[in-house]
Amino acid sequence: MMKTAKLALTNLRTGSPQTLGAIRLVPICRDRAPGDLRIRLRDLVPAPAIVSLDGAPGEPGLKYVSYVPHGLVVAHTKDGAQASFGTTLGEERGARGRCVNLLHRMVKREDDVREGATSTARFRLLPLHLAMEGFLAHHFGGPDIAWSEYSQHAIRRGLDPRAESSVRGRSLPGFEAALRVFEMHPTQVGVMIFVADALASVFVVSHPSDYRLLHRSVLEDFFGQLVYEYGLLYPETPPIETPLHEERIASISDLRAEVARARGEWEEYARLLADGLFRREVRVETVRSMAPFRLERFMPDFDPDEECHLGERIVRDDGTVEYMKTFRLSAAQVRRAHLLEQLARAGWNLGDAAARLRCTRDELVKRLDNAGFGYLLAPHVLRASGTAP
């Protein structure tokens, strides 16, 4: 079930930004980490992965195919007790020796571990791929009505196959060096990643100890083509300096006030740069409920004139963000999603969709073909618009 909401980093605060070349990292800190939700990395065999979305691995059914370097194992308790991972944390069972990773579902429950009177539940998720799979599945079924303008492929199989591309974090210019040399705060649980002051991603976990282990894992995350190009085009980002005014400091309380002022300016700066993610409402889908937590994935309305970020998060009942990971779509990805969304809202009627987009029917056909959706249309429609010979 979908709902709309605005994203927020509830009960978190941002620290002083650090800049190297085009990369600016803003630490996200948590002053209190109860420890009843913990997150660990699970390495996978370095090979492409085939994730079975329905049915068992290796059997026919809907599949998601991508390079998936690792998963995350989430351990949590219901009663607020410390969560633990037991002794079985390791690689995905049955993966070694294969040239592909065969995985079952984006989120998969794992066995409970009993430790005395407390019980820790665990599940494995595939970070960012959970959000991307939701994006690719958006309107995946294609036309609900067998309009004559659509190809037999579109009528029978919808958008299958639906594909998008991305860039590995390790390929972002200067990103690896920035992660290596930047100072990590004692209470840091996440980071905002900016490339040439464009928000590339937000990553948050529940506990500072978990973040220290996962800090460099973002190198294996995927990023949008847009931020990669920003990194190439704008190799230097001006540093942010928030000096303490010596003339205002005559006592410890004055020093505290100056430090508070500087922190306030950092918070304001981070809020301003990340406005494209937090200002707009997003559509939120609950993937898994495990009181007092919810695993959700979200996506925005696909407006070509706005920043569009999708992602996933784990939220406590009081709104505290325990986990978040986001991905910024490129302009071409937003345009494709916008076209599909307008088609779906028009009931896949080309004339009505063209009216919504304020263009002619032939112009819409050309836009669909240029966006890579020409295979959805019948040959006579492409020929009539002058798109096909």
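Refer to the structure presented above.
Before going into details, it helps to say that this report is about the structure given with it.

Reading the values: the criteria
Going along each chain's sequence as written, the residues are numbered from 1 onward. The model is predicted, so local features are restricted to residues of pLDDT at least 70 and side-chain atom pairs to those at 80 or more, both for listing and for counting; the totals for chains, interfaces and linings are taken over all residues. The basis for every side-chain value is the complete set of non-hydrogen atoms in the structure, without hydrogens or water. Each helix corresponds to a stretch of at least 4 residues labelled H or I by DSSP, and each strand to a stretch of at least 2 residues labelled E; elements are numbered beginning at the N terminus. Note that the radius of gyration is over C-alpha atoms, with the globule rule given as 2.2 Å times the number of residues to the power 0.38. Relative accessibility thresholds used throughout: buried, under 20% of the residue-type maximum; exposed, over 50%; partly exposed, between the two (1.4 Å probe, protein chains only). The contact definition used throughout considers only heavy atoms, calling two residues in contact when any of these lie within 4.5 Å. Accessible surface area values rest on a Shrake-Rupley calculation with a 1.4 Å probe, where residue burial reflects the displayed protein chains alone. Lys and Arg are tallied as positive, Asp and Glu as negative. Neither His nor the chain termini are counted. Taken as the charge centre is NZ of Lys, CZ of Arg, CG of Asp or CD of Glu, depending on the residue. Think of a 1 Å grid over just the protein atoms. A cavity is a set of points where a 1.4 Å probe fits yet cannot get out, a pocket is an open set with protein on both sides within 12 Å along at least five of seven lines, and lining residues have an atom within 4 Å of a point. Grid points are joined across faces, edges and corners, and a volume is the space filled by probe spheres set on the points. Only Asp, Glu, Lys and Arg are considered charged, only Ala, Val, Leu, Ile, Met, Phe, Trp, Tyr, Cys and Pro nonpolar, and every remaining residue, Gly among them, polar. Among buried residues, the Ala, Val, Leu, Ile, Met, Phe, Trp, Tyr and Cys ones that are joined through side-chain atoms within 4.5 Å form a nonpolar core. Any pair of Phe, Tyr and Trp rings, taking the six-membered ring for Trp, is counted once the centres come within 6.5 Å. Such a pair is stacked with planes under 30 degrees apart, edge-to-face with planes over 60 apart, and tilted for the rest. A pair of strands counts as paired when DSSP detects no fewer than two bridges linking them. Structural elements are reduced to axes, namely lines fitted to C-alpha atoms, with helices fitted over the stretch in contact, and the angle between N-to-C directions of any two is expressed from 0 to 180 degrees. A carboxyl oxygen of Asp or Glu within 4 Å of a side-chain nitrogen of Lys or Arg is what we treat as a salt bridge.

All right, on to the overall build of the chain then. Tallying secondary structure elements over the chain gives eleven helices and 19 strands in all. Its C-alpha atoms give the chain a radius of gyration of 23 Å, near enough to 21 Å, the size a compact globule of 389 residues would have. With respect to the principal axes defined by its C-alpha atoms, the chain has extents near 80 × 55 × 35 Å. A burial count over the chain gives 50% of its 389 residues as buried. Within the chain, residue pairs in contact and separated by at least 24 positions form 66% of the contacts whose partners lie at least 6 positions apart. Surface accessibility of the chain: about 18100 Å² in total, with carbon and sulfur atoms responsible for 51%. Positive and negative side-chain charges in the chain, numbering 52 and 51 respectively, have mean positions lying 4 Å apart.

Our focus in this paragraph is empty space enclosed by the protein. In total, this model carries four cavities of 30 Å³ or more according to the counting rule given. Surrounding the largest cavity, Gln18, Leu25, Val26, Pro27, Phe182, Glu183, Met184, Gln188, Val191 and His215 form its lining. Counting residues per element, the ones that place at least two in the lining of the largest cavity are strand S4 (23-29) and strand S13 (188-195). When residues of the lining of the largest cavity are assigned to their parent elements, the largest contribution, three residues, is made by S4. Tallied by class, the residues present in the lining of the largest cavity amount to six nonpolar, three polar and one charged.

Moving on, we get to the nonpolar core. Soluble, globular proteins show a tendency: their nonpolar side chains are buried together. The biggest cluster of nonpolar side chains holds 56 residues, and the ones touching the most others in it are Leu25, Phe175 and Ile314. When residues of this core are assigned to their parent elements, the largest contribution, five residues, is made by helix H1 (residues 129-136). Setting aside anything within four residues of it in sequence, one finds Leu25 in contact with Ser16, Pro17, Gln18, Phe175, Ala178, Leu179, Phe182, Val191, Met192 and Ile193. The next biggest cluster of nonpolar side chains, apart from the first, holds 23 residues, and it includes Ala154, Leu339, Ala354 and Val365.

Scanning the entire structure with this criterion turns up six aromatic pairs. Their ring planes at 75° and their centres at 5.9 Å tell us that Tyr150 and Trp348 sit as a pair that is edge-to-face. One end of the pair, Tyr150, is in the loop between H1 and helix H2 (152-157); the other, Trp348, is in the loop between helix H8 (331-345) and helix H9 (350-356), with 198 residues separating them in the sequence. We classify Trp348 as buried; its relative accessible area is 3%. Here the aromatic rings of Phe203 and Tyr211 are separated by 6.0 Å at their centres, their planes lie at 45°, and the arrangement is tilted. The burial state of Phe203 is the same as that of Tyr211; both residues are buried.

Here three strands make up an open sheet; going across it, the order is S7-S6-S9 and the pairing mixed. Looking at which strands have only one partner, the edges of the open sheet turn out to be strand S7 (63-67) and strand S9 (101-104). With direction set aside, neighbouring strand axes in the sheet form an average angle of 25°. Here four bridges tie strand S6 (residues 48-52) to S9, and the two strands are oriented parallel to one another. From the neighbouring strand, Val51 faces S9, where its bridge partner is Leu103.

On to the pattern of salt bridges. Taken as a whole, this structure holds 35 salt bridges when the rule is applied. Two residues, Arg122 and Glu110, come together in a salt bridge whose shortest N-O distance is 3.9 Å. One end of the pair, Arg122, is in strand S11 (residues 118-125); the other, Glu110, is in strand S10 (residues 107-115), and twelve residues separate them in sequence. With a shortest N-O distance of 2.5 Å, Glu220 and Arg168 are connected by a salt bridge. With Glu220 in the loop between helix H4 (208-214) and strand S15 (222-223) and Arg168 in strand S12 (residues 167-168), this residue pair connects regions lying 52 residues apart in the sequence. Owing to a relative accessible area of 17%, Glu220 belongs among the buried residues under this scheme. Classification of Arg168 as partly exposed rests on a relative accessible area of 36%.

Treat this as a map of the structure, not an account of what it does.
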